[in-house]
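Here's the letter readout for the chains.
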Amino acid sequence: MTDTAICWFRTDLRLHDNPTLAAAADADELLPVYVFDPYWFGAADYGGPASFTYRKCGTHRARFLRESVADLRASLRERGSDLVVRDGDAATALSTLADAVGADTVHLATHPAPEERAIERRVRDALADDGVAVETHWTHTLHHVDDLPSGVEGVDDTFTPFKQSVENDSRVRETVAEPSPPSLPGPVDVGDLPTITDLLGAADGDERERLDRWPEPDGADRVEAETTDDETADDRAVLLFVGGETRALERLAEYVWERDRLREYKETRNGLLGADYSSKLSPWLAAGCLSPRRVYEEVERYEAERVANDSTYWLVFELRWRDFFAFQTAKHGATLFRPGGIRGRDDLQWRRNEGAEADFRAWARGETGIPFVDANVRELNATGYMSNRGRQNVASFLANDLGVDWRWGAAYFETRLADHDPGSNYGNWAYVAGVGNDSRDRSFDVLWQAHNYDADAEYVAHWVPELASLAAADPDAAHEPWAADEATLADAGVTLGETYPEPMVDPDAVDGWGED
Ligand SMILES: Cc1cc2nc3c(=O)[nH]c(=O)nc-3n(C[C@H](O)[C@H](O)[C@H](O)COP(=O)(O)OP(=O)(O)OC[C@H]3O[C@@H](n4cnc5c(N)ncnc54)[C@H](O)[C@@H]3O)c2cc1C
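In this numbering scheme, every chain counts its residues from 1 along its sequence in written order. Note on the predicted model: pLDDT of at least 70 is required for a residue's local features to be given, and 80 or more for side-chain atom pairs to be given and counted; whole-chain, interface and lining totals, by contrast, use all residues. Only hydrogens and water are removed before side-chain values are computed, so all heavy atoms of the structure are retained for them.

**Student:** Looking at this model, I keep getting lost on the packing of helix 14 (residues 371–383) against helix 15 (residues 388–401). Mind explaining?
**Tutor:** Packing of helix 14 against helix 15 leaves a shortest axis separation of 9 Å and a crossing angle of 115 degrees. In this structure, helix 14 meets helix 15 at a crossing whose hand is left-handed. Here Phe372, Val373, Asn376 and Val377 of helix 14 come into contact with helix 15, specifically with Gly390, Asn393, Val394 and Phe397. Following the grouping adopted for this structure description, the nonpolar residues are Ala, Val, Leu, Ile, Met, Phe, Trp, Tyr, Cys and Pro, the charged ones are Asp, Glu, Lys and Arg, and the polar ones are all others, Gly among them. Here the contact of helix 14 with helix 15 is built from residues that sort into five nonpolar, three polar and no charged. A fitted line through C-alpha atoms represents every axis, and for helices the fit uses only the stretch in contact; the resulting angles, taken between N-to-C directions, go from 0 to 180 degrees. Helix and strand assignments come from DSSP, with helices taken as H or I runs of at least 4 residues and strands as E runs of at least 2, each series counted from the N terminus. Working rule for handedness: look at the near helix, and if it is turned counterclockwise from the far one by less than a right angle, call the crossing left-handed; if clockwise, right-handed. In this analysis, two residues are considered to be in contact whenever any of their non-hydrogen atoms come within 4.5 Å of each other.

Below is the structure:
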């Protein structure tokens, strides 16, 4: 009897090191499938206490994802197979397809985050009703979940002991070889890729009303093109983030080998401008276009052939941060996403009133009057990317200095980031907001950070053009225009409250600013 399998691609949009695909390819016939489930694209209720409505996905990630799926389809076609694409509820789409091709087994990558798990359960239930077997595979992290020294429940809630335990008592498995895809079962309509407008929809009626309070930056709903290219991308962006495994592997080779930047990663990783201060691999890792084990093997090869130093160690160190948050998500589930986080802190009173909403909107538009914060949020809005340094500062400003519910900020990042990953995003936000895995105060002195990491105010000039002349004349004044004398402001054409906002907080009164 012919053994027929479906490989359901989720956040593992690649052929290299893909255990799900490798296992599915043992069947006689294989149907590769991707489902654009509306769940991930429309209005969503956050859920739990003090729930709110937000937009799950904006144009940057929708475009990146669409490109990634198109690239996967092209690669499968080159190998004589194809990718069936459906637009709808995943459980319905998969059970319909399983029925149409007489599938025996559906292979899928399991993911530790609660929403992904809930969808997985629905898919399992639908397929069980049809008598189709489901096999799950772990594909997302550097260390395999089965190789954790004390299992998921034993994962430490602080990073350093976690890192030590995996460094000392775990290993990174070798990458899995790419299989030759078996032939496709019977005739199936392969389906067209939905457009970005189809995916994000022009929200109307009930959905529009629910989203009305969710901030949308100018032009956020404007879709210039279905794919990114030099014409459509914002030319201020650090990099042209084009989705798909092909570009992911090119970027890895470019960063590590061609530009030879791995050797200085640790010294440059706190940069703000340019393609190569950090690897910029995050969107591809998040969509699974790139396997973290593949990055690890590339680092090992680089260490053998060029240099092994603190920087080569540090890139893997950062991948372990990513693992840490993934395993924290697996361990704590929905608790990680609650206002009080995994520590269940109920001593923090998050602001959620109308004033907080106004503050949140100003923050999300990049109009707080704190140039370093505004520059970073505007970069996010325009490109879907923000540096790690920027993320820490804007998160700290919203949660610690404005006291606004940190989950609003995290959800806003979810909408806008091209590289959104539930564990890394909500885990980092919770950590900065003081409800995460570490009891130390994670508040940032945003002004000190601005002067230190953007000493020439080049970054502010890049993203806040109304302060560019001021930045050229007096970089310190560009970070604190409220403190500049009138003549300096007038010469640079800056009028606070008119050409650029007054600061929305009194910088002299913010706890923790100016103490370093
Ligand atoms: C508030 C906040 C929200 C964040 N949200 C996300 C998110 O949704 N998705 C995401 O991938 N990263 C997130 N990060 C982590 C980090 O900022 C990005 O991974 C990094 O900036 C991506 O750029 P890069 O690929 O050049 O990173 P590099 O510095 O080159 O690091 C290499 C890889 O290591 C991983 N990594 C690095 N730093 C971290 C970290 N602090 N936590 C987890 N993984 C890390 C990423 O996969 C990254 O691609 C967030 C950080 C903060 C402070």
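**Student:** Would you explain the site of the ligand in this entry?
**Tutor:** Around the ligand, a shell composed of 29 residues is seen, among which Tyr265, Ser278, Ser279, Lys280 and Asn388 lie nearest. Within the contact set of the ligand, an oxygen atom lies 3.1 Å away from a backbone nitrogen or oxygen of Asp421. Residue-level accessible areas treat just the shown protein chains as cover; the underlying method is Shrake-Rupley with a 1.4 Å probe. Protein chains bury 97% of the 810 Å² of accessible surface belonging to the ligand in isolation. Its atoms largely coinciding with the cavity grid, the ligand occupies the largest pocket. Looking at the shell around the ligand, the element that brings in the most residues is helix 12 (residues 310–332), giving six residues. Among the residues making up the shell around the ligand, the classes are represented as 13 nonpolar, 10 polar and six charged. Any residue with a heavy atom positioned within 4 Å of a molecule or strand is treated as near that molecule or strand. As used in this structure description, the phrase polar contact means that two N or O atoms lie within 3.5 Å; if the pair is within protein, one of them must be able to donate a hydrogen and the other to accept it, and residues adjacent in sequence are counted only when both atoms belong to side chains. Only protein atoms enter the 1 Å grid used here, on which a cavity is any set of points holding a 1.4 Å probe that cannot leave and a pocket is any open set flanked by protein within 12 Å on both sides along at least five of seven lines; residues with an atom within 4 Å of a point are listed as lining. Just a note on the criterion: a molecule sits in a pocket or cavity if more than half of its atoms are within 2 Å of the grid points.

**Student:** Can you walk me through the packing of aromatic side chains in this structure?
**Tutor:** For any pair of aromatic rings, the description rests on two quantities: the centre-to-centre distance and the angle between the ring planes. By convention, a stacked pair of Phe, Tyr or Trp rings (six-membered ring in the case of Trp) has centres within 6.5 Å and planes under 30 degrees apart, an edge-to-face pair has planes over 60 apart, and any other such pair is tilted. All chains considered together, the criterion is met by 41 aromatic pairs. Judged by centre distance (5.4 Å) and plane angle (65 degrees), the rings of Trp257 and Tyr302 are edge-to-face. A residue pair is termed long-range when its members are at least 10 positions apart, and Trp257 in helix 8 (residues 245–258) and Tyr302 in helix 11 (residues 292–305) qualify at 45 residues. For every residue, the accessible area obtained with a 1.4 Å probe (protein chains only) is divided by the maximum for its type, and the residue is called buried under 20%, exposed over 50%, and partly exposed between those limits. Relative accessible area serves as the criterion here: at 0%, Tyr302 is assigned to the buried category. Through successive ring pairs, a cluster of aromatic residues spans Tyr46, Phe52, Tyr54, Trp214, Phe337, Phe360, Trp363, Trp408, Tyr412, Phe413, Tyr426 and Trp429. As a reminder, the over-ring test applies to NZ of lysine and CZ of arginine, requiring each to be within 6 Å of the ring centre and within 35 degrees of the ring normal. Of note, Arg389 hangs over the ring of Tyr453, and the distance from its end group to the ring centre comes to 4.2 Å. Sitting over the ring of Tyr385, Arg391 keeps its end group 5.3 Å from the ring centre.

**Student:** Is there a simple way to think about the sheet that holds strand 6 (residues 105–110) in this case?
**Tutor:** Note: strands within a sheet are paired through backbone hydrogen bonds, in either parallel or antiparallel orientation. For two strands to pair, DSSP has to find at least two bridges joining them. With respect to topology, five strands assemble into an open sheet ordered 5-2-1-6-7, the strand pairing being parallel. Both outer strands of the open sheet, strand 5 (84–87) and strand 7 (133–138), are each paired with one neighbouring strand and no more. Sheet twist, expressed as the average angle between the axes of neighbouring strands with direction ignored, equals 30 degrees. Where strand 1 (residues 4–9) and strand 2 (residues 29–36) come together, six bridges link them in parallel fashion.

**Student:** Explain helix 2 (residues 59–78) here, please?
**Tutor:** Residues that lie three or four places apart on an α-helix share one face, since the helix turns once every 3.6 residues. Taking 1.5 Å as the rise per residue, helix 2 with 20 residues should run 28 Å; its terminal C-alpha atoms sit 28 Å apart, in good agreement. Burial analysis of helix 2 places 16 of its 20 residues in the buried class, which makes it a mostly covered element. Gly80 occupies a position one or two residues after helix 2 and carries a positive phi of about 85 degrees. For a helix, the expected span equals 1.5 Å multiplied by the number of residues minus one.

**Student:** Can you walk me through empty space enclosed by the protein in this structure?
**Tutor:** In this approach a probe as big as a water molecule rolls over the atoms, and the regions it shows empty are the leftover space. Grid points are joined across faces, edges and corners, and a volume is the space filled by probe spheres set on the points. Per the stated rule, a full pass over the model turns up three cavities of 30 Å³ or more. Its volume calculated, the largest cavity comes out at about 520 Å³. Forming the boundary of the largest cavity are 28 residues, of which Thr11, Tyr34, Trp40, Leu65 and Glu116 lie nearest the centre. Secondary structure elements with two or more residues in the lining of the largest cavity: strand 1, strand 2, helix 2, helix 4 (114–129) and helix 10 (282–287). Split by residue class, the lining of the largest cavity holds 17 nonpolar, three polar and eight charged.

**Student:** Sorry if this is basic, but what is going on with unusual backbone geometry here?
**Tutor:** The phi angle of most residues is negative, glycine excepted, and most peptide bonds adopt the trans form. Its identity is not glycine, yet Asp17 carries a phi of approximately 40 degrees, on the positive side. Taking relative accessible area as the criterion, Asp17 reaches 2% and is therefore assigned buried.

**Student:** How should I be thinking about helix 15 in this particular structure?
**Tutor:** Under the 1.5 Å per step criterion, the end-to-end length of helix 15 is 19 Å for 14 residues, consistent within 8% with the ideal 20 Å. Across the 14 residues that make up helix 15, a large majority, 11, are buried. Those residues of helix 15 that sit buried are Arg389, Gly390, Arg391, Asn393, Val394, Ala395, Ser396, Phe397, Leu398, Ala399 and Asp401. Looking at the buried positions of helix 15, the neighbouring elements they touch are helix 13 (354–365), helix 14, helix 16 (406–416), helix 17 (422–432) and helix 18 (446–453). Just beyond helix 15, the residue with positive phi is Gly403, at close to 70 degrees.

**Student:** Sorry, what's going on with the environment of His137 here?
**Tutor:** Among the secondary structure elements, His137 is positioned in strand 7. C-alpha separation for the pair His137 and Asp454, spaced 317 residues apart in sequence, amounts to 43 Å. A polar contact of 2.9 Å, which involves the side chain of His137, links it to the side chain of His107.

**Student:** Is there a simple way to think about the layout of surface pockets in this case?
**Tutor:** Taken as a whole, the largest pocket holds about 1,200 Å³ of empty space. Lining the largest pocket are 46 residues, with Arg269, Glu318, Trp321, Asn388 and Asn428 sitting closest to its centre. Looking at the lining of the largest pocket, the elements that each hand over two or more residues are helix 10, helix 12, helix 15 and helix 17. Broken down by element, the residue count for the lining of the largest pocket peaks at eight residues, all from helix 12. The residue makeup of the lining of the largest pocket, split by class, is 22 nonpolar, 12 polar and 12 charged. By volume, the second largest pocket is sized at about 770 Å³. The wall of the second largest pocket is formed by 30 residues, among which His60, Asp234, Asn381, Ala382 and Thr383 lie closest to the centre. Secondary structure elements with two or more residues in the lining of the second largest pocket: helix 2 and helix 14. For the lining of the second largest pocket, the element with the most residues is helix 2, which contributes five residues.

**Student:** Could you clarify how one ought to interpret the side chain of His111 in this entry?
**Tutor:** If you trace the backbone, His111 turns up in the loop between strand 6 and helix 4. You can call His111 buried: its relative accessible area is 5%.

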